[in-house]
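Chain residues, written in single-letter form:
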Amino acid sequence: MLDPTLMPRLKIGLDFDDTLMHTREALVNLLNSLHNTSIRIEDCEDYYLSHPWELTEEKFHAMFENYQDQIHTQPPLEGLLETLTLWSPHASFSVITGRPEVWLPSASAWLAKHNIPFENLIASRFIGGKGAVAKNLDLDFFIEDHAEFATEIANANIPVFLL
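So, a few notes on the structure that sits alongside this text.

Criteria and thresholds
Residues numbered from 1 in each chain as written. Predicted model: local features only at pLDDT ≥ 70, side-chain atom pairs only at ≥ 80, totals over all residues. Heavy atoms only, no water. Pairing = 2+ DSSP bridges. Helix = DSSP H or I, 4+ residues; strand = E, 2+ residues; numbered from the N terminus. Axes fitted to C-alpha atoms, helices over the stretch in contact; angles between N-to-C directions. Contact = heavy atoms within 4.5 Å. Phe/Tyr/Trp six-rings, centres within 6.5 Å; stacked < 30°, edge-to-face > 60°. Buried < 20%, exposed > 50% of the residue type's maximum accessible area, 1.4 Å probe, protein only.

**Regarding the sheet that holds strand 4 (residues 141-144)**
For step 1, the next point in the chain: Judged by pairing direction, the sheet is parallel, and its five strands sit side by side in the order 3-2-1-4-5 without closing on themselves. Single-partner strands in this sheet number two, and they are strand 3 (120-123) and strand 5 (160-162). Going from strand to strand, the sheet's axes swing by 20 degrees on average, the running direction of each strand aside.
For step 2, the next point in the chain: With three bridges joining them, strand 4 and strand 5 adopt parallel strand pairing. Its bridge partner lying in strand 5, phenylalanine 142 is registered against valine 160.
For step 3, the next point in the chain: The strands that helix 6 (residues 129-136) touches are strand 2 (91-97), strand 3 and strand 4; relative to strand 2, the one it contacts most, it runs at about 155 degrees.

Next comes the structure, spelled out in structure tokens:
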């Protein structure tokens, strides 16, 4: 019988937003609070949430930076901690996000708060995108919630699971 400690560990890529926590839900709740609206997440067809509140990219980034702590009060997705605990002896995790690098400290603090094991936390936005980063890390597979990013990762010949 093979010794499991001698087997190579899988290298798994994880998106952060809406893969580890309900970020869009937190953002919709926050934006409703800030703008005194009652827009439902189901009514938000734009992935980046700009239309319902008429936010420019600059306004959205400023809002996110000012309210990072409030956004990161969401718990991990149901079953996430148990799943990662089961996989941890057999895998390493790289969290790769499309967020700007300036938002990484709050993401890192959230990961630490919830004892989520990870080897890397990378903002891929300005270093070639998620596909290039996943390829560079030689990931075995990636878990992603956004179809456009999933396609980019798949085009880099990394198997991807779209949530």
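**Section: the packing of aromatic side chains**
For step 1, the next point in the chain: For the coordinates displayed, the defined rule picks out six aromatic pairs.
For step 2, the next point in the chain: Each ring, one from tryptophan 87 and one from phenylalanine 141, has its centre 6.2 Å from the other, and the planes form 75 degrees; the classification is edge-to-face. Linking tryptophan 87 in helix 4 (residues 80-87) with phenylalanine 141 in strand 4, this pair joins segments that are 54 residues apart in sequence.
For step 3, the next point in the chain: The exposure class of tryptophan 87 is partly exposed, given its relative accessible area of 37%.

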